[in-house]
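Secondary and tertiary structure notes
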Amino acid sequence: MSVSKRQEVVVITGAGAGLGRATAREFARRGAHLGLISRDETRLAAVKSEAEALGARVVTVAADVADAAQIEAAADRIESELGPLDIWVNDAMTTVFSPLHAMTAEEFKRVTEVTYLGNVNGTMAALKRMRPRDHGTIVQVGSALAYRPVPLQTAYCGAKHAIKGYTEGLRCELLNEGSRVHVTIVEMPGLNTPQFDWCRSHLSHRARPVAPVYQPEVGARAIYWAAHHRRRQLYVGIPSVLTIWGNKLMPGLMDRYLARNAVSGQQTATREDPDRADNLWQPVPGDKGAHGRFNRESHASSAQLWAATHRREIGLVAGAAVVLGAVLGSTGRARRRRVSRR
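Read on for an overview of the structure. Treat the numbers as computed from the prediction; the structure is a model and nothing was measured.

1. Re unusual backbone geometry
In the segment running from Ala 211 into Pro 212, the intervening peptide bond is cis, with an omega of -5 degrees. Considering the arrangement of structural elements, one finds Pro 212 in the loop between strand S10 (205–207) and strand S11 (213–214). The backbone of Asp 134 shows a phi angle near 55 degrees, a positive value even though the residue is not glycine. By secondary structure assignment, the location of Asp 134 is in the loop between helix H4 (105–133) and strand S6 (137–143). Overall, Asp 134 belongs to the partly exposed group, its relative accessible area being 24%. The phi dihedral of Leu 152 falls on the positive side, at around 80 degrees, and the residue is not glycine. Here Leu 152 shows up in the loop between S6 and helix H5 (154–177).

Written as structure tokens, this is what we have:
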């Protein structure tokens, strides 16, 4: 009699909207059971309904990732209802679009607590359960901005840079232990999510992602792939590759380029409403789904991501092409020698 395989249990923070929402749907359609964490009950109910329609068992927990006790309690509840954790995806974030001089210390601290320390809290909760079992994968949702910060998002860029730093130290600790717990970072490009309509902004015009823009489903597929392959990091989209390597090779040139282009490049022609609600301290009411207002310009796929996740196949094809070229070349040379002898 065959023994059925246990379905994997996946926790996703920031699951109520945007990339987290798209990631929940990606794992649900692949047969996972989901523990979904977000601050807003309405959005959690919506994503739960979507995931259950795709066949998943779902536990939702309304919690603020900046509060370690809340995240620990959420992990306990999810495991008690779904079983041992296999994958933990740290996706929750917030930002303030603003020059540094126009921000308050409280705003900068809050972005750091949610985006950076929220990630740390999730990782600690996951490790507490995964290390004793010597099993599990933690997926850090990173950003190309961790390598090449841009103006107007200093707090967010600093938080993503910090995630990169502590994750690399943690990876060394796990290797030293001989642990089979795996930690990976997925470096995202600009995504078409609702954050640009509800993150706090001190800008004169409405915020937008740095172009080119990708749909959140592209990022969700990358997260799913990274969660099931032991790659230390995965770049998403050619802009991430160019940004990261451009900063490694020409940091001064990148400074000047972004100084000229990234301030206007992160704003639309429409003026911002200074009185609109934002989600820095409390969630903005209403279900916004996964997509923002940039559908028309957003790419639904990435050739770079396909290549990055199919390196073995590309290597085999390239190797076969080299062998075929060598064979054809040898055959051609042999034919020419026979002809010359006649």
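2. Some words on the sheet that holds strand S2 (residues 33–38)
As summarised here, the arrangement of the seven strands in space is S3-S2-S1-S4-S6-S7-S12, forming an open sheet in which the pairing is parallel. Each having just a single partner strand, strand S3 (58–62) and strand S12 (233–235) make up the two edges of the open sheet. Between one strand axis and the next, the sheet turns by 15 degrees as a mean value, whatever way the strands run. Pairing of strand S7 (residues 182–188) with S12 involves three bridges; the strand directions are parallel. Bridged to Ile 185 within S12 is Gln 233. Across the sheet, helix H7 (residues 216–227) is in contact with strand S4 (87–90), S6, S7 and S12; its angle to S7 comes to roughly 160 degrees. Packed onto the sheet, helix H8 (residues 238–249) meets S7 and S12 and runs at close to 110 degrees relative to S12.

3. Description of the environment of Trp 198
By secondary structure assignment, the location of Trp 198 is in helix H6 (residues 195–198). Note on Trp 198: relative accessible area 8%, which makes it buried. Separated by 87 residues in sequence, Trp 198 and Pro 285 have C-alpha atoms that sit 9.9 Å apart. Not counting the four nearest positions on each side in its chain, Trp 198 is found in contact with Ala 17, Arg 43, Arg 276, Ala 277, Asp 278, Asn 279, Val 284 and Lys 288.

4. A look at H8
Over its twelve residues, H8 runs 16 Å from end to end, which matches the ideal 16 Å to within 8%, given 1.5 Å per residue. The complete set of buried residues in H8 reads Pro 239, Ser 240, Val 241, Ile 244, Gly 246 and Asn 247. Of the surrounding elements, those touching the buried residues of H8 are S7, S11, S12, helix H9 (251–265) and helix H10 (303–308).

5. A few points about the packing of H4 against H5
Where H4 contacts H5, the two axes come as close as 8 Å, and the packing angle between them is 20 degrees. Judged on the interaxial angle alone, H5 and H4 are roughly parallel. Remark: the crossing between H4 and H5 carries right-handed chirality. Counted together, Phe 108, Val 111, Thr 115, Tyr 116, Asn 119, Val 120, Thr 123, Leu 127 and Arg 131 of H4 and Thr 154, Ala 155, Tyr 156, Ala 159, Lys 160, Ala 162, Ile 163, Tyr 166, Leu 170, Leu 174 and Glu 177 of H5 form the full contact between these two elements. Counted by class, the contact of H4 with H5 contains 13 nonpolar, four polar and three charged residues.

6. Quick notes on the nonpolar core
Counting 34 residues, the largest nonpolar core has Ile 12, Phe 27, Leu 34, Leu 36, Val 89 and Ile 223 as its most contacted members. Residue contributions to this core peak at seven residues, all from H7. Ignoring any residue separated from it by four or fewer positions in sequence, one finds Val 89 in contact with Val 10, Val 11, Ile 12, Thr 13, Phe 27, Val 139, Val 141 and Ile 223. The next biggest cluster of nonpolar side chains, apart from the first, holds 25 residues, and it includes Val 9, Ile 78, Ala 92 and Ile 138.

7. Thoughts on the pairing of S7
Judged by how many residues are buried, S7 sits mostly within the fold: seven of seven residues are covered. Note: S6 against S7, seven bridges, orientation parallel. Note that in S7 the partner of Gln 140 across the bridge is Ile 185.

Definitions and cut-offs
Counting of residues starts from 1 at the beginning of each chain's written sequence and follows it residue by residue. Where local features are concerned, this predicted model is filtered to residues with pLDDT of at least 70; where side-chain atom pairs are given and counted, the filter is 80 or more; whole-chain, interface and lining totals use all residues. No hydrogens and no water enter the side-chain calculation; it runs on all heavy atoms of the structure. We count a stretch as a helix when DSSP gives it H or I for four or more residues in a row; a strand needs E for two or more, and each element gets its number in order from the N terminus. Relative accessibility thresholds used throughout: buried, under 20% of the residue-type maximum; exposed, over 50%; partly exposed, between the two (1.4 Å probe, protein chains only). Between any two strands, at least two bridges found by DSSP are needed for them to pair. Axes here mean lines fitted to C-alpha atoms, for a helix over just the part in contact, with angles spanning 0 to 180 degrees between N-to-C directions. A contact between two residues is defined here by any heavy atoms of the two lying within 4.5 Å. Each helix should span, by expectation, one fewer than its residue count multiplied by 1.5 Å. Working rule for angles: under 35 degrees goes down as roughly parallel, over 145 as roughly antiparallel, 65 to 115 as roughly perpendicular, anything else as oblique. What makes a crossing left-handed is the near helix being turned counterclockwise from the far one by less than a right angle; a clockwise turn instead makes it right-handed. Residue polarity is assigned by list, with Asp, Glu, Lys and Arg as charged and Ala, Val, Leu, Ile, Met, Phe, Trp, Tyr, Cys and Pro as nonpolar; anything else, Gly included, falls into the polar class. Put simply, a nonpolar core is a bunch of buried Ala, Val, Leu, Ile, Met, Phe, Trp, Tyr and Cys residues held in one set by side-chain atoms that sit within 4.5 Å of each other.

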